[in-house]
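Reading the structure
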Amino acid sequence: MKPRIGVLTSGGDCPGLNAVLRGVVLAAEKLGWEVVGFRDGFEGLLPPGSHIILDRQSINGIMALGGTIIGTTNRGHFVAKVGAGDRTVVPANVITGAKNILDELQVRALIIVGGDGSMVTAQQLQEAGINCIGVPKTIDNDLEATATTFGFDSAVDVVMDALDRVHTTATSHRRVMIVEVMGRHAGWIALHGGIAGGADIILIPEIQFDFDKIANVIKAREAAGYLGTVVIVAEGARPKHGQQVKREVEGGEFRLGGVGEIVAHEIAKRAGKETRCCVLGHLQRGGAPTTLDRILATRFGVKAVQLANESHFGSMVSYQNYQVRHVPIAEAVNRLKLVPPNGEMVRTARDVDISFGD
Ligand code: F6P
(Lines give C-alpha, C1' and ligand atoms only; values in the text may rest on other atoms or scores of the structure.)
Protein backbone atom coordinates (compact mmCIF):
# COMPACT_ATOMS: atom_id res chain seq x y z
CA MET A 1 0.00 0.00 0.00
CA LYS A 2 1.19 3.51 -0.82
CA PRO A 3 1.93 5.80 2.15
CA ARG A 4 -1.14 7.87 2.91
CA ILE A 5 -1.66 11.54 3.56
CA GLY A 6 -4.99 12.84 4.90
CA VAL A 7 -6.63 16.14 4.06
CA LEU A 8 -9.66 17.96 5.40
CA THR A 9 -11.25 21.37 4.94
CA SER A 10 -12.53 23.04 8.09
CA GLY A 11 -14.36 26.21 9.13
CA GLY A 12 -16.27 28.51 6.81
CA ASP A 13 -15.84 27.65 3.14
CA CYS A 14 -14.33 29.97 0.59
CA PRO A 15 -13.40 29.96 -3.09
CA GLY A 16 -10.09 28.16 -3.60
CA LEU A 17 -10.56 25.18 -1.28
CA ASN A 18 -11.01 22.83 -4.21
CA ALA A 19 -7.93 24.27 -5.89
CA VAL A 20 -5.96 23.37 -2.74
CA LEU A 21 -7.35 19.81 -2.83
CA ARG A 22 -6.39 19.52 -6.48
CA GLY A 23 -2.87 20.77 -5.71
CA VAL A 24 -2.54 18.32 -2.81
CA VAL A 25 -3.67 15.30 -4.86
CA LEU A 26 -1.51 16.02 -7.90
CA ALA A 27 1.62 16.85 -5.90
CA ALA A 28 1.11 13.86 -3.59
CA GLU A 29 0.76 11.48 -6.51
CA LYS A 30 4.12 12.61 -7.87
CA LEU A 31 5.74 11.79 -4.53
CA GLY A 32 4.05 8.40 -4.31
CA TRP A 33 1.47 9.28 -1.61
CA GLU A 34 -2.18 8.31 -1.67
CA VAL A 35 -4.60 11.02 -0.47
CA VAL A 36 -7.45 10.33 1.93
CA GLY A 37 -10.03 13.12 2.16
CA PHE A 38 -11.99 13.37 5.40
CA ARG A 39 -15.53 14.62 5.03
CA ASP A 40 -17.11 17.61 6.78
CA GLY A 41 -14.01 18.98 8.42
CA PHE A 42 -12.62 17.32 11.52
CA GLU A 43 -15.97 15.54 11.97
CA GLY A 44 -14.79 13.03 9.35
CA LEU A 45 -12.22 11.87 11.90
CA LEU A 46 -14.88 10.81 14.39
CA PRO A 47 -15.14 7.02 14.71
CA PRO A 48 -16.04 5.15 12.49
CA GLY A 49 -14.51 7.85 10.23
CA SER A 50 -15.93 9.28 7.05
CA HIS A 51 -13.49 9.48 4.19
CA ILE A 52 -12.93 9.08 0.46
CA ILE A 53 -9.82 8.35 -1.54
CA LEU A 54 -8.98 11.42 -3.56
CA ASP A 55 -7.34 10.54 -6.86
CA ARG A 56 -6.85 12.24 -10.20
CA GLN A 57 -10.34 11.42 -11.26
CA SER A 58 -12.05 12.81 -8.16
CA ILE A 59 -10.29 16.15 -8.48
CA ASN A 60 -10.75 16.48 -12.22
CA GLY A 61 -12.35 19.81 -13.15
CA ILE A 62 -12.71 21.15 -9.61
CA MET A 63 -10.36 24.15 -9.91
CA ALA A 64 -13.16 26.56 -10.77
CA LEU A 65 -15.67 25.17 -8.28
CA GLY A 66 -16.52 27.19 -5.20
CA GLY A 67 -16.97 25.42 -1.86
CA THR A 68 -15.22 22.15 -1.07
CA ILE A 69 -15.94 18.72 -2.54
CA ILE A 70 -15.21 17.05 0.82
CA GLY A 71 -17.46 19.35 2.86
CA THR A 72 -16.70 21.48 5.89
CA THR A 73 -18.19 22.72 9.13
CA ASN A 74 -17.44 25.43 11.66
CA ARG A 75 -19.34 23.52 14.38
CA GLY A 76 -18.98 20.10 15.94
CA HIS A 77 -16.77 18.10 18.26
CA PHE A 78 -13.42 19.64 17.36
CA VAL A 79 -14.24 23.32 17.75
CA ALA A 80 -11.33 24.67 19.76
CA LYS A 81 -12.10 28.33 19.63
CA VAL A 82 -15.07 30.54 20.27
CA GLY A 83 -14.78 34.22 19.37
CA ALA A 84 -11.62 36.29 19.03
CA GLY A 85 -8.73 35.24 21.24
CA ASP A 86 -10.68 32.71 23.31
CA ARG A 87 -9.33 29.20 23.41
CA THR A 88 -11.13 26.05 24.43
CA VAL A 89 -9.80 22.53 24.49
CA VAL A 90 -10.88 19.64 22.28
CA PRO A 91 -11.84 16.78 24.64
CA ALA A 92 -9.12 14.10 25.01
CA ASN A 93 -11.48 11.26 24.02
CA VAL A 94 -12.34 13.06 20.76
CA ILE A 95 -8.65 13.44 19.92
CA THR A 96 -7.95 9.79 20.80
CA GLY A 97 -10.83 8.69 18.54
CA ALA A 98 -9.36 10.71 15.67
CA LYS A 99 -5.90 9.28 16.28
CA ASN A 100 -7.28 5.75 16.16
CA ILE A 101 -9.05 6.42 12.85
CA LEU A 102 -5.87 7.83 11.32
CA ASP A 103 -3.86 4.83 12.58
CA GLU A 104 -6.44 2.38 11.25
CA LEU A 105 -6.32 4.01 7.83
CA GLN A 106 -2.53 4.24 8.04
CA VAL A 107 -2.60 7.97 7.42
CA ARG A 108 0.84 9.33 8.30
CA ALA A 109 0.17 13.04 8.04
CA LEU A 110 -2.92 15.23 8.05
CA ILE A 111 -3.26 18.42 6.02
CA ILE A 112 -5.75 20.79 7.65
CA VAL A 113 -7.10 23.57 5.46
CA GLY A 114 -8.78 26.08 7.72
CA GLY A 115 -8.80 29.42 9.49
CA ASP A 116 -7.53 30.46 12.88
CA GLY A 117 -9.96 28.25 14.85
CA SER A 118 -9.02 25.21 12.77
CA MET A 119 -5.33 25.92 13.36
CA VAL A 120 -5.96 25.97 17.13
CA THR A 121 -7.48 22.48 16.75
CA ALA A 122 -4.58 21.43 14.50
CA GLN A 123 -2.10 22.48 17.16
CA GLN A 124 -3.93 20.41 19.77
CA LEU A 125 -3.90 17.36 17.47
CA GLN A 126 -0.21 17.94 16.81
CA GLU A 127 0.51 18.08 20.54
CA ALA A 128 -1.38 14.80 20.90
CA GLY A 129 0.98 13.11 18.41
CA ILE A 130 -0.90 13.51 15.10
CA ASN A 131 1.37 14.80 12.31
CA CYS A 132 -0.36 17.98 11.14
CA ILE A 133 0.32 20.47 8.37
CA GLY A 134 -1.81 23.64 8.29
CA VAL A 135 -3.00 25.50 5.21
CA PRO A 136 -4.46 28.92 6.08
CA LYS A 137 -7.82 29.84 4.59
CA THR A 138 -10.16 32.73 5.23
CA ILE A 139 -12.00 35.33 3.24
CA ASP A 140 -11.38 37.68 6.20
CA ASN A 141 -7.58 37.84 5.57
CA ASP A 142 -7.11 38.23 9.32
CA LEU A 143 -4.23 35.83 10.02
CA GLU A 144 -1.06 37.61 11.12
CA ALA A 145 1.16 34.66 10.18
CA THR A 146 0.55 34.95 6.45
CA ALA A 147 0.58 38.02 4.22
CA THR A 148 -2.61 36.82 2.58
CA THR A 149 -4.87 33.80 2.20
CA PHE A 150 -6.79 32.45 -0.77
CA GLY A 151 -10.50 33.29 -0.67
CA PHE A 152 -9.89 36.92 0.22
CA ASP A 153 -9.38 38.13 -3.34
CA SER A 154 -12.51 36.31 -4.51
CA ALA A 155 -14.56 37.85 -1.70
CA VAL A 156 -13.24 41.33 -2.51
CA ASP A 157 -14.14 40.75 -6.15
CA VAL A 158 -17.76 40.06 -5.16
CA VAL A 159 -17.82 43.23 -3.07
CA MET A 160 -16.33 45.30 -5.88
CA ASP A 161 -18.93 44.00 -8.32
CA ALA A 162 -21.73 44.75 -5.85
CA LEU A 163 -20.48 48.31 -5.36
CA ASP A 164 -20.27 48.86 -9.11
CA ARG A 165 -23.94 47.89 -9.33
CA VAL A 166 -25.05 49.85 -6.29
CA HIS A 167 -23.45 53.11 -7.51
CA THR A 168 -25.83 53.39 -10.44
CA THR A 169 -28.99 52.82 -8.44
CA ALA A 170 -27.76 55.21 -5.73
CA THR A 171 -27.31 57.91 -8.35
CA SER A 172 -30.61 57.24 -10.16
CA HIS A 173 -32.62 57.54 -6.93
CA ARG A 174 -30.42 60.13 -5.18
CA ARG A 175 -30.13 57.68 -2.33
CA VAL A 176 -27.52 56.56 0.13
CA MET A 177 -26.83 52.88 -0.43
CA ILE A 178 -25.27 50.93 2.43
CA VAL A 179 -23.52 47.65 1.66
CA GLU A 180 -22.74 45.39 4.61
CA VAL A 181 -19.85 42.96 4.14
CA MET A 182 -18.21 40.16 6.13
CA GLY A 183 -14.83 40.13 7.85
CA ARG A 184 -15.56 39.43 11.52
CA HIS A 185 -13.25 41.60 13.62
CA ALA A 186 -11.16 42.77 10.67
CA GLY A 187 -12.02 45.40 8.08
CA TRP A 188 -9.90 44.06 5.22
CA ILE A 189 -12.79 43.04 2.96
CA ALA A 190 -14.54 46.38 3.47
CA LEU A 191 -11.33 48.35 2.95
CA HIS A 192 -10.14 46.56 -0.18
CA GLY A 193 -13.65 46.16 -1.60
CA GLY A 194 -14.44 49.78 -0.80
CA ILE A 195 -11.35 51.12 -2.52
CA ALA A 196 -11.81 48.87 -5.56
CA GLY A 197 -15.53 49.67 -5.81
CA GLY A 198 -15.14 53.42 -5.27
CA ALA A 199 -17.04 53.63 -1.96
CA ASP A 200 -17.54 57.11 -0.53
CA ILE A 201 -17.53 55.99 3.09
CA ILE A 202 -15.92 52.86 4.58
CA LEU A 203 -16.75 51.77 8.12
CA ILE A 204 -14.43 49.17 9.66
CA PRO A 205 -14.01 47.67 13.16
CA GLU A 206 -10.56 49.20 13.56
CA ILE A 207 -11.84 52.79 13.22
CA GLN A 208 -14.90 53.58 15.29
CA PHE A 209 -17.31 55.90 13.54
CA ASP A 210 -19.55 58.77 14.49
CA PHE A 211 -23.07 58.94 12.97
CA ASP A 212 -23.06 62.74 12.87
CA LYS A 213 -19.75 62.79 11.00
CA ILE A 214 -21.14 60.32 8.46
CA ALA A 215 -24.24 62.53 8.03
CA ASN A 216 -22.03 65.58 7.53
CA VAL A 217 -20.03 63.84 4.81
CA ILE A 218 -23.25 62.93 3.01
CA LYS A 219 -24.63 66.46 3.28
CA ALA A 220 -21.33 67.88 2.00
CA ARG A 221 -21.42 65.49 -0.94
CA GLU A 222 -24.95 66.57 -1.76
CA ALA A 223 -23.95 70.23 -1.55
CA ALA A 224 -21.08 69.50 -3.93
CA GLY A 225 -23.54 68.07 -6.48
CA TYR A 226 -23.15 64.34 -5.98
CA LEU A 227 -26.45 62.56 -6.46
CA GLY A 228 -25.79 59.39 -4.53
CA THR A 229 -23.48 58.08 -1.83
CA VAL A 230 -22.21 54.55 -1.32
CA VAL A 231 -21.29 53.39 2.16
CA ILE A 232 -19.60 50.06 2.84
CA VAL A 233 -19.81 48.78 6.37
CA ALA A 234 -17.94 45.79 7.77
CA GLU A 235 -20.12 43.51 9.90
CA GLY A 236 -17.81 44.10 12.88
CA ALA A 237 -17.83 47.91 12.66
CA ARG A 238 -19.24 49.91 15.55
CA PRO A 239 -19.85 53.52 16.50
CA LYS A 240 -17.73 55.31 19.10
CA HIS A 241 -18.92 54.18 22.52
CA GLY A 242 -21.18 51.63 20.83
CA GLN A 243 -21.20 47.85 20.56
CA GLN A 244 -20.79 45.46 17.64
CA VAL A 245 -24.12 44.18 16.34
CA LYS A 246 -24.38 40.48 17.14
CA ARG A 247 -27.31 38.84 15.50
CA GLU A 248 -27.61 35.55 17.24
CA VAL A 249 -26.07 33.65 20.10
CA GLU A 250 -25.77 29.87 19.89
CA GLY A 251 -24.00 27.79 22.51
CA GLY A 252 -21.76 30.65 23.58
CA GLU A 253 -21.08 31.74 20.00
CA PHE A 254 -22.27 34.85 18.28
CA ARG A 255 -22.81 35.83 14.70
CA LEU A 256 -22.04 39.35 13.60
CA GLY A 257 -24.47 41.11 11.31
CA GLY A 258 -27.09 43.81 11.17
CA VAL A 259 -24.98 46.94 11.53
CA GLY A 260 -25.85 47.95 7.95
CA GLU A 261 -29.54 48.46 8.75
CA ILE A 262 -28.65 50.53 11.81
CA VAL A 263 -26.30 52.72 9.79
CA ALA A 264 -29.01 53.12 7.13
CA HIS A 265 -31.55 54.15 9.77
CA GLU A 266 -29.22 56.66 11.44
CA ILE A 267 -28.20 58.23 8.13
CA ALA A 268 -31.84 58.65 7.09
CA LYS A 269 -32.57 60.32 10.42
CA ARG A 270 -29.54 62.60 10.56
CA ALA A 271 -28.94 63.45 6.88
CA GLY A 272 -32.58 63.41 5.79
CA LYS A 273 -31.76 61.10 2.90
CA GLU A 274 -33.48 58.04 1.62
CA THR A 275 -31.35 55.00 2.39
CA ARG A 276 -31.32 51.31 1.47
CA CYS A 277 -29.18 48.56 2.92
CA CYS A 278 -27.88 45.56 1.04
CA VAL A 279 -26.22 42.70 2.96
CA LEU A 280 -23.86 40.66 0.79
CA GLY A 281 -23.50 37.82 3.30
CA HIS A 282 -22.51 34.43 1.97
CA LEU A 283 -22.40 35.63 -1.63
CA GLN A 284 -18.86 36.61 -0.63
CA ARG A 285 -18.01 32.99 0.11
CA GLY A 286 -19.36 31.37 -3.05
CA GLY A 287 -18.60 31.10 -6.73
CA ALA A 288 -15.46 30.50 -8.71
CA PRO A 289 -12.14 31.62 -7.23
CA THR A 290 -10.32 34.50 -8.91
CA THR A 291 -7.10 33.95 -10.85
CA LEU A 292 -5.05 35.06 -7.86
CA ASP A 293 -6.85 32.69 -5.50
CA ARG A 294 -6.56 29.73 -7.86
CA ILE A 295 -2.82 30.21 -8.11
CA LEU A 296 -2.29 30.85 -4.39
CA ALA A 297 -4.46 27.88 -3.42
CA THR A 298 -2.57 25.59 -5.81
CA ARG A 299 0.76 26.77 -4.41
CA PHE A 300 -0.49 26.25 -0.84
CA GLY A 301 -1.67 22.71 -1.61
CA VAL A 302 1.59 21.73 -3.28
CA LYS A 303 3.63 23.27 -0.44
CA ALA A 304 1.62 21.38 2.18
CA VAL A 305 2.47 18.07 0.51
CA GLN A 306 6.14 19.03 0.31
CA LEU A 307 6.12 19.86 4.03
CA ALA A 308 4.52 16.51 4.85
CA ASN A 309 7.01 14.72 2.64
CA GLU A 310 9.88 16.45 4.44
CA SER A 311 8.28 15.70 7.86
CA HIS A 312 7.90 19.38 8.76
CA PHE A 313 4.99 18.50 11.01
CA GLY A 314 3.38 21.17 13.14
CA SER A 315 3.94 23.71 10.34
CA MET A 316 1.52 25.99 8.58
CA VAL A 317 1.99 27.16 5.01
CA SER A 318 2.52 30.90 4.91
CA TYR A 319 2.78 33.51 2.16
CA GLN A 320 5.58 35.97 2.74
CA ASN A 321 7.33 38.33 0.32
CA TYR A 322 5.78 36.62 -2.71
CA GLN A 323 7.10 33.23 -1.57
CA VAL A 324 5.20 30.29 -0.10
CA ARG A 325 7.03 29.39 3.09
CA HIS A 326 6.06 27.83 6.41
CA VAL A 327 5.79 28.83 10.07
CA PRO A 328 5.10 26.78 13.22
CA ILE A 329 1.33 26.41 13.74
CA ALA A 330 1.90 27.18 17.41
CA GLU A 331 3.19 30.63 16.52
CA ALA A 332 0.49 31.28 13.94
CA VAL A 333 -2.62 30.73 16.05
CA ASN A 334 -4.59 33.36 17.91
CA ARG A 335 -2.78 36.22 16.22
CA LEU A 336 -5.32 38.37 14.46
CA LYS A 337 -4.18 40.70 11.71
CA LEU A 338 -6.24 43.87 11.85
CA VAL A 339 -6.23 46.92 9.60
CA PRO A 340 -3.69 49.45 10.92
CA PRO A 341 -5.83 52.62 11.32
CA ASN A 342 -2.94 54.82 10.19
CA GLY A 343 -1.50 52.40 7.67
CA GLU A 344 -0.85 53.00 4.00
CA MET A 345 -4.14 51.49 2.82
CA VAL A 346 -6.25 53.72 5.07
CA ARG A 347 -4.19 56.78 4.16
CA THR A 348 -4.57 55.97 0.46
CA ALA A 349 -8.33 55.67 0.90
CA ARG A 350 -8.46 59.03 2.68
CA ASP A 351 -6.38 60.58 -0.13
CA VAL A 352 -9.04 59.55 -2.65
CA ASP A 353 -11.75 61.25 -0.58
CA ILE A 354 -13.02 58.18 1.22
CA SER A 355 -14.30 58.94 4.70
CA PHE A 356 -14.06 56.47 7.59
CA GLY A 357 -16.81 58.29 9.46
CA ASP A 358 -14.35 59.41 12.17
O1 F6P B 1 -14.72 33.84 8.80
C2 F6P B 1 -15.42 33.85 7.61
C3 F6P B 1 -16.81 34.35 7.80
O4 F6P B 1 -17.44 34.39 6.53
C5 F6P B 1 -16.93 35.70 8.50
O6 F6P B 1 -16.60 36.77 7.67
C7 F6P B 1 -18.35 35.66 8.97
O8 F6P B 1 -18.54 36.47 10.11
C9 F6P B 1 -18.54 34.22 9.32
O10 F6P B 1 -17.57 33.49 8.62
C11 F6P B 1 -19.92 33.68 9.00
O12 F6P B 1 -19.98 32.35 9.39
P13 F6P B 1 -21.20 31.37 9.10
O14 F6P B 1 -20.82 30.61 7.86
O15 F6P B 1 -21.23 30.49 10.29
O16 F6P B 1 -22.42 32.20 8.90
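All values reported here derive from a predicted model rather than from experimental measurement.

What counts and what doesn't
Residues numbered from 1 in each chain as written. Predicted model: local features only at pLDDT ≥ 70, side-chain atom pairs only at ≥ 80, totals over all residues. Heavy atoms only, no water. Near = heavy atom within 4 Å. Polar contact = N/O pair within 3.5 Å; in protein donor to acceptor, adjacent residues only side chain to side chain. Areas by Shrake-Rupley, 256 points an atom, 1.4 Å probe, with all protein chains shown as cover. Domains from an automatic or database assignment. Axes fitted to C-alpha atoms, helices over the stretch in contact; angles between N-to-C directions. Helix = DSSP H or I, 4+ residues; strand = E, 2+ residues; numbered from the N terminus. Left-handed = near helix turned anticlockwise from the far one by under 90°. Contact = heavy atoms within 4.5 Å. Core = buried A, V, L, I, M, F, W, Y, C linked by side-chain atoms within 4.5 Å. Buried < 20%, exposed > 50% of the residue type's maximum accessible area, 1.4 Å probe, protein only. Pairing = 2+ DSSP bridges. Parallel < 35°, antiparallel > 145°, perpendicular 65-115°, else oblique.

The next thing to look at is the site of the ligand. Around the ligand, the neighbouring residues are N74, I139, D140, M182, G183, R184, E235, H282 and R285. Within the backbone of G183, an N or O atom sits 3.1 Å from an oxygen atom of the ligand. In isolation the ligand has 400 Å² of accessible area, and contact with the protein removes 82% of it. Each of two domains, domain 1 (4-150 + 289-332) and domain 2 (154-286), supplies a minimum of three residues to the shell around the ligand.

A word on the packing of helix α5 (residues 188-196) against helix α10 (residues 344-351). At a minimum axis distance of 11 Å, the contact between α5 and α10 shows a crossing angle of 35°. The two elements α5 and α10 meet at a crossing, and its hand is left-handed. Contacts from L191, H192 and I195 in α5 reach M345, V346 and A349 in α10.

With that settled, the discussion passes to the environment of R75. Secondary-structure assignment places R75 in the loop between β3 (51-54) and α2 (92-104). Linking R75 and E43, residues 32 residues apart in sequence, is a C-alpha distance of 9.0 Å.

Ranked by size, the top nonpolar core spans 64 residues in total, and within it I111, V135, F150, I202 and F356 carry the most contacts. Built from parts of two domains, this core gets at least three residues from each of domain 1 (4-150 + 289-332) and domain 2 (154-286). When residues no more than four places from it in sequence are discounted, the contact partners of I202 are A190, L191, G194, I195, I232, I354, S355 and F356. By size, the runner-up hydrophobic cluster in this structure holds 30 residues, among which are L45, F78, M119 and A145.

Spatially, β3-β2-β1-β4-β5-β12-β13 is the arrangement adopted by the seven strands of the open sheet, whose pairing is mixed. In this open sheet, the two edge strands, each paired with only one partner strand, are β3 and β13 (323-328). The average undirected angle you get between the axes of adjacent strands in this sheet is 30°. Pairing of strand β4 (residues 107-114) with strand β5 (residues 132-136), which is carried by five bridges, proceeds in the parallel orientation. Bridge pairing links G114 to P136 in β5. Across the sheet, helix α8 (residues 291-309) lies against β1 (4-9), β4, β5, β12 (315-320) and β13, angled at about 140° from β12, the strand it touches most.

Interaxial distance between helix α4 (residues 152-173) and α5 falls to 8 Å at its minimum, and their mutual angle equals 50°. Comparing their axes, α5 and α4 come out oblique. Along this stretch, α4 crosses α5, giving a crossing that reads as right-handed. Contacts between α4 and α5 involve F152, A155, V156, V159, M160 and L163 on the former and, on the latter, W188, I189, H192, G193, G194 and A196.

Going from P47 to P48, the amide bond is cis rather than trans, its omega being 5°. The residue P48 is located in the loop between β2 (34-38) and β3 in this model. Phi angles above zero are rare outside glycine, and R174 is one such case at about 55°. In this fold, R174 is placed in the loop between α4 and β6 (176-181). The exposed category is assigned to R174, whose relative accessible area is 52%. Look at N334: it is not a glycine, yet its phi comes out positive at around 60°. Here N334 shows up in the loop between α9 (329-332) and α10.

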